[in-house]
Amino acid sequence: MITPAFAQGVGAGSGADVALQFVPFVLIFVIMYFLILRPQQRRLKDHQNMVKNVRREDTIVTTGGLVGRVTKVADDATEIEVEIAPNVRVKVVRSMISEVRVKGAPVKAS
């Protein structure tokens, strides 16, 4: 059966055991921060800078896949005017720009 020494030892270290049980959760959170959250925040910041720095005559690609040349940009506006074909201009919301190419930049190979 159970000896008195064994029965007393079970309840003595329970405070340290509870703190030790939280260590895996802390490690998982730290790993998720460095692998998921931090790179996502960096990509978001890079995208915001890219959209903010769009200038006239830049070639852009929208998230819908349209490729066009910027013809009109206002710094305070949320929309820009893009020429997608000769004499065909459309308004595009700035946040829908997925890539900005400089004039004459080649298409990236996938």
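Source: prediction; values computed, not measured. (Residues numbered from 1 in each chain as written. Predicted model: local features only at pLDDT ≥ 70, side-chain atom pairs only at ≥ 80, totals over all residues. Heavy atoms only, no water.)

S.K.: Honestly, the nonpolar core in this entry has me stumped. Any pointers?
M.R.: Generally speaking, a soluble globular protein has its nonpolar side chains buried in company with each other. Listed in full, the eight residues of the largest apolar core are Val51, Val54, Ile60, Val70, Ile80, Val82, Val92 and Ile97. Here isoleucine 60 is in contact with Leu66, Val67, Gly68, Val70, Ile80, Val82, Ile97, Glu99 and Val100, once residues within four sequence places are set aside. (Core = buried A, V, L, I, M, F, W, Y, C linked by side-chain atoms within 4.5 Å. Buried < 20%, exposed > 50% of the residue type's maximum accessible area, 1.4 Å probe, protein only. Contact = heavy atoms within 4.5 Å.)

S.K.: Would you mind going over the sheet that holds strand β4 (residues 88-93) with me for this structure?
M.R.: Sheet strands pair by backbone hydrogen bonding; their relative direction is either parallel or antiparallel. Reading across the sheet, the five strands line up as β4-β3-β2-β1-β5 and stay open at both edges, with antiparallel pairing between neighbours. Either end of the sheet is taken by a strand with one partner, and the two such strands are β4 and β5 (97-101). Strand-to-strand twist in this sheet, taken as the mean axis angle between neighbours without regard to direction, amounts to 40 degrees. Here strand β1 (residues 59-62) runs beside β5; their pairing, made up of four bridges, is antiparallel. Across the sheet, the residue bridging to threonine 59 is arginine 101, located in β5. (Pairing = 2+ DSSP bridges. Helix = DSSP H or I, 4+ residues; strand = E, 2+ residues; numbered from the N terminus. Axes fitted to C-alpha atoms, helices over the stretch in contact; angles between N-to-C directions.)

S.K.: Hey, could you run me through the UniProt feature "transmembrane region" (unreviewed entry) in the protein chain in this one?
M.R.: The feature "transmembrane region" (unreviewed entry), as given by UniProt, occupies residues 18-37 in the numbering adopted here. The span residues 18-37 carries 95% helix and 0% strand; its end-to-end C-alpha distance comes to 28 Å. (UniProt positions renumbered as here; feature names shortened; annotations may be inferred.)

S.K.: Help me understand the side chain of glutamate 83 in this model?
M.R.: Mapping glutamate 83 onto the fold places it in strand β3 (residues 79-85). At a separation of 3.1 Å, a polar atom in the side chain of glutamate 83 contacts the main-chain amide nitrogen of asparagine 87. Once residues lying within four places of it in the same chain are set aside, the contact partners of glutamate 83 are Gly68, Arg69, Thr71, Val88 and Arg89. (Polar contact = N/O pair within 3.5 Å; in protein donor to acceptor, adjacent residues only side chain to side chain.)

S.K.: Quick question: what am I supposed to make of the pairing of strand β2 (residues 67-72) here?
M.R.: Each regular strand shows side chains that alternate between the opposite faces of the sheet. Inspection of the sheet shows β1 paired to β2 by three bridges, in the antiparallel sense. Counted as the bridge partner of threonine 59 is arginine 69 from β2. Between β1 and β2, which pair antiparallel in sequence order, lie four residues; one of them, glycine 65, sits at a positive phi of approximately 100 degrees. Sheet topology places β2 next to β3; three bridges connect them, and they run antiparallel. Counted as the bridge partner of arginine 69 is glutamate 83 from β3.

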